Structures are given as structure tokens and as C-alpha cells.
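Spelled out, the chains give:
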Amino acid sequence: MSVVPASVFAIPNPASEPPRVMLIANAADIATVVFTRDGELVLGEPVISDTIANLYDYAAPYGRPATYSVTGTTSGGDTFAGTVSATLDVGKAWLIHPRSLSLSLPIDGGPDTWDRSNIWVDSASGESRSSSASRHLSRPVGRRRSVAISHGPRAADDWALVLTAPSIELKNNIRALVDDQTPIKLTSPASFGWDLPDGWYSVGDVEIRRVEDPTILPWSRITLPLTPVDAPLVKVGSLRTWQTILDEYATWGDVLADNISWFETLMGDL
Amino acid sequence: MRAVSDRFLAALGGPKAIATEITCTPPGGDPVPLLWDPEQDSGSISMGAGSRVRYTASLSVASVVGGDTFDVISTPGAVFRIRQGIAFSPDDIEWVDLFAGETAKPEVGVFDGGIRLSLVDQWQRLDACRFMEPYAPISGVRGGRIASAVGDAIPGTTIVVHDGGGIMPGGGLWDKDRTKFITDVATDGDLDVGFDAAGAFIVQTAPTIDPLSVAWSLTTGRSGVIIDASRGRDLSRLYNAVVVMPTEEGQTWTAQTVELADTSHPLHRSKIGRRPFYHSSPTIMTAGAAISTARGTLRRLLGVRETRTYEALSNPALEYGDTVTIDHPATDTDPGLTGAEMVVGWRHDMRTWEMQIDTRTDDQPAMEES
């Protein structure tokens, strides 16, 4: 078993919705491949096509460089590895649904933006935080003070993200995003300087309040209680199926002409 | 007591950080870690005196996202191990084994993935792995015969024979119940048998209170560990005579009886009536040995039988038979608690690290008629 050369590319696409980084590994006869970002596994299953392995990273940080590493094996049992850095410069904060990416929503354009046609983050967000203790207090007979035991570190902060939706449609989009209770990813550009930590969150009991007279202004304020959680395991299904390919293309030649790779054939236009 | 360091013992009475590790190992597989959240999940481990099932555990764990945890934990023959430790630093954890055993009926919540586990030590497997045909052991040291019976049922398990328990004759016949064979032989040899917290099968003489070898001190006061205490006496099973009877054709002696003669004793038949205790022995070889066994049994049955229960800061390294000292001054309603006692059981709360400790003030184990 030996180490074979490999090329690694990370191509940011901030215009994609949601924003993403396309990861490409190029090596001979790829059998297995694992992409990591800053030491953490990139969610999803890479699509391997002979010498190319692709994966979209939808959980990349915005506005600061991320280091991507790839390790893998070839069908001959050789190994390959590589590293590359990329920065995904995005001008909005997003809530990402890891399995149904189309449910993902931009939620704010930042402190210099006054856009009241889209969702924005209310100033009540993160107004209070709680970090629960994992401990127990005992007080044996005769002692003045209690004996404390603890189990590991204190839990990461729970807090609430408060969004204002200026239309019924946007309100419903937020409801759809959290409806199946899959953990979602909050990512905001580093330039925003928000004191609202990026990360994966499980959303608790959602509260929706009307802001104004609904016959005049259909604004809603939606409170999403957030609890930090580990990243969910994700198997992003291909966007095309065999049936959609049959419906979309008349001949195999048309498939080849319209798609530069198997990854694009499965996942749609790059 | 399980082997722990002095710093571990010193830390038990003060603030401490707890680490927990729970694994499930399917037969022939690798240990699979189980998720236990001290804020969300319950967890307790109990140790009880005597033969048969000694360690039990009751806890809930969470399913691992993306895996089929229930499939792993419901694998027949899967062995669960629980240990907790004191974390002196994140990289310096002193662990103590708390439990090793199996589950009989695991359950999982379909919607929340919560798994509820009732675990018992490997005595459950000994019960299930009955003899395929009537068992007639060869003559030999009782401890060795017990070890053979255990090793046949659970190959590869660690068996530690500290004491032999004397020679037993060959040729007795046990129908199919392996655990009855083990307990019969252990009783006749005055042996204490059972699994320990790490899953090893231990054969040893019945433990005694040893004031020179104190495992732990239970005290109240400025550095005390006792949270609450109670005492009681079991007056439901009182005896003043013992009848030892042969059970096998090869035993040529007749039933032997020994009775309490001291008329001043509070259990004399003049005070509570004649109350015989029957012991059927398949391995005693002579009438003299039967009388000796009867006298020893009567001595045990005439013990004071005061049991005490303490709620205390936990010391999960305690084992059955450990000697602990007690020190609590007299109050207006109680003469106080002092002296050496024997640990006969405990219940350790994995979350609070508080422990209910059951002790006995005399050496003599509770006996069951056979």
C-alpha cells in the first residue's frame, strides 16, 4: 500500500441558495473518501465517479477561511490525502436545513441593511441565555456546607432566536424549516459581529406572535428556542432520480452534453 | 473493597467531578459505547448479599443518532459494563467497575429513542444454561467443582477461587439446575459465591466483620458522609433448632438435629415455641459432619440480626462483606451508632453519587432453608 498523488479543490459559491463550497478530490480510482472542515466531518455522502469525488459543504463558515482536508483510498488499496483552504463570503445569515436544503432560509442581511421585505433577526434574540448545570448537592448530617458533585462540563448555552417575518409566506417558510424537528445550522457572516453563536441547534417550542393589526401589516414575530446539539448525520439524496433523468433527457447523449460529471447529473447544475 | 487509591477514598467525602462509561459488547464484537445523560437519564446499581444474582442495574440510555442502538443492545448474549470514576483532571480519571452483566428484556421508545435497561449479573446466564443431562460431579474440592460448573456455562469468564470449602464426594445427582448445584455445594462448604462488579465469579469463605481491615468509615459531623440512617430487626424468621438431612442414596447417615439448650436465651423454645430450620445436604458424608454443620447453622441463626441502612455519600468501590466503621453520637432518641459492621448490600445512584448502604452488626449471613 502506498500514497498516491491527489488534487483537492474547494470552490465557494456564495450565490447558491443556500451558500455552499464544492469540494473536489481528484485521485486515481477512488474507492473511499472523507472530507473534513477544520477537523470536523463535512456532512453528506461524497459522490465518487472514478477519479473524482465531490461533496457540497453547506455548513461552511461565512467570511472566514476554512481548511478542508481530504483522505481516501483507491480501489487498489493505496491512500491519498490533501488540504486546501477556502473562504465562503456571504452577505447574509442563514438557517440551513441539512436534509431538505431547499427549506433553508436567509434570515438577515446584516447591521447595514434595512430590508423589510425579508426575514430579519429581532433584537430580542439571545437576550438571555441559560447554561444548565449537571450537578448534585448532598449535605451529610453535621456539615454546614454541601458536597457538590458534577458530571462533566456545564452545558452550552440555550438561547432564543427571534425572527420577524414581514409576510405570511415568509412566516410559513420558517414554520416549514423547523417542522420536521431536524437540527438546523445557524451561520452568520463574521463581519456581522453578532453575539449569536453559529452552530447546530435543536429548536424547542416555537412561539409565533402577531406584531401589528393583521389587516394592515401581516408581520409575525417568531421565537425559536435553540439548544446546541451535535451535527446530525446527513445523507443528502440526489436531486435527480432515474425517472427525472428519463423525463428530462431524450437521449444518453443529451445527458452527457448537459452534465460535466456524474455529480452534476445527480445533484443538478453546479 | 475494589482496589482504589487513597486519593480516590479521600475524594469521596468532598466535591468531585464524575465520569461515566457504559458499553455493550455483543458476542464476538467490539464494545459499543452507550449514551447516558446524567440530566436526562436515570441510573442506579444495586449490590445484594448472598449467592445468586448479586449485582443489578436499572438505567436509561439514549440511542445513538444514525445507528440502531437497540439492535446492538438486544443482541442475545450482549454484555453490558458500567463504570464510573472520579475525574481529578480531564486526563486523569480513576475508574471503578460498577457492573457487568446482561439484560433480559430491553425496551426502546420508538419516538424518543430512549432505551430502558434492567440488567442483572451473569447469574442469569448460569440459571439459563442448565445441565443437558443429570449431573453427577466427580469427587473433589468444592470450590473446584463450582468453578467447573461456572466455566462450562460461561466459557472464558474469570473465575477466582480463594477458598476450596473442603472435599465433596462424587456421584451426587443434580437433575438439570446448574445454579442449585452451585448453591448446594457452596452451602455445604460454607462458601460465598457470586459475580463481582467486574464480572468475575468469586468463590470465597463467607466474609466476617474484621475491625482490623476497615474498608471505609461512615461518620456524621464536620467531615461526615452519612445523610440519614435507620436500624431494624427482622423478627419474622426465628429458629431455635436445626435439622440436617441427607438427600442422596449414597449418604448412609440419618437426619441429625441440634437444638438451643440455653433456657435463658431469648429464642429458647420456652419463649417462642419450637421452630426448626431444615437443611438438606447432598454432599455431607458423615453424621459427625452433619452435626457440625447443624451446630454452625444454629449459631448463625441465633445472631442478633440487627440491620442498618445508611444514606451516605457514595463509595462505589464497596463490596459485599466489607467491614465499615460507624460513628454517630447518641441523640435524645437514639443511643448512637458506633462500631464495626458488615456491608451486605448497597444501591448506588449514578447521578447523585449518594448510596444506600445496608449493613449487619453480626457476622452471620441470612440463611435460606434447603
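Every value quoted in this text rests on a predicted model; they were computed, and no experiment measured them.

**Q** What is the right way to look at the pairing of strand β19 (residues 306-313) of chain B in this model?
**A** Look at any regular strand and the pattern is simple: side chains alternate between the two faces of the sheet. All names here are of chain B. By the bridge criterion, 7 bridges tie strand β15 (residues 226-233) to β19 in an arrangement that is antiparallel. The residue of β19 that forms the bridge with Ser-230 is Thr-309. Bridge analysis of β19 against strand β22 (residues 354-360) gives 7 bridges, and the strand direction is antiparallel. The partner of Leu-313 across the bridge, within β22, is Glu-354.

**Q** Can you walk me through the interface of chain A and chain B in this structure?
**A** For an interface, size is often stated in terms of accessible area lost upon the parts coming together. Every contact between the two is made by 18 residues of chain A and, on the other side, 27 residues of chain B. Taken over both partners, the interface formed by chain A and chain B buries close to 1,600 Å², and the fraction arising from carbon and sulfur atoms is 54%. Per-residue buried area on chain A facing chain B is highest for A:Val141, A:Arg143 and A:His151; these three make up 34% of the total on that side. Taken together, the connections running from chain A to chain B amount to 0 salt bridges. Those elements that provide at least two residues to the side of chain A that touches chain B are β12 (135-138) and β13 (147-151) of chain A. The dominant element in the side of chain A that touches chain B, judged by the number of residues it contributes, is β13(A), at 5 residues. When its residues are assigned to classes, the side of chain A that touches chain B shows 8 nonpolar, 7 polar and 3 charged.

**Q** Would you mind showing me how to read the nonpolar core here?
**A** For soluble globular proteins, nonpolar side chains are generally found buried alongside one another. If you look at the biggest cluster of nonpolar residues, it comprises 53 residues, and the most contacted ones within it are B:Leu59, B:Ile82, B:Leu117, B:Leu218, B:Leu318, B:Trp346 and B:Ile357. Considering every element that reaches this core, the biggest residue donor is strand β21 (residues 337-349) of chain B, with 5 residues. Ignoring anything within four residues of it in the chain, the contact list for B:Ile82 reads B:Glu21, B:Ile22, B:Ile45, B:Ala57, B:Leu59, B:Asp97, B:Leu98, B:Phe99, B:Leu119 and B:Met350. Core analysis: the next-biggest nonpolar cluster, separate from the first, contains 33 residues, A:Met22, A:Ile24, A:Tyr58 and A:Phe80 among them.

What counts, and at which threshold
Residues numbered from 1 in each chain as written. Chains lettered and ligands numbered in written order. Predicted model: local features only at pLDDT ≥ 70, side-chain atom pairs only at ≥ 80, totals over all residues. Heavy atoms only, no water. Pairing = 2+ DSSP bridges. Helix = DSSP H or I, 4+ residues; strand = E, 2+ residues; numbered from the N terminus. Contact = heavy atoms within 4.5 Å. Buried area = accessible area lost by both parts, 1.4 Å probe. Salt bridge = Lys/Arg side-chain N within 4 Å of Asp/Glu carboxyl O. Nonpolar A, V, L, I, M, F, W, Y, C, P; charged D, E, K, R; others polar. Core = buried A, V, L, I, M, F, W, Y, C linked by side-chain atoms within 4.5 Å. Buried < 20%, exposed > 50% of the residue type's maximum accessible area, 1.4 Å probe, protein only.

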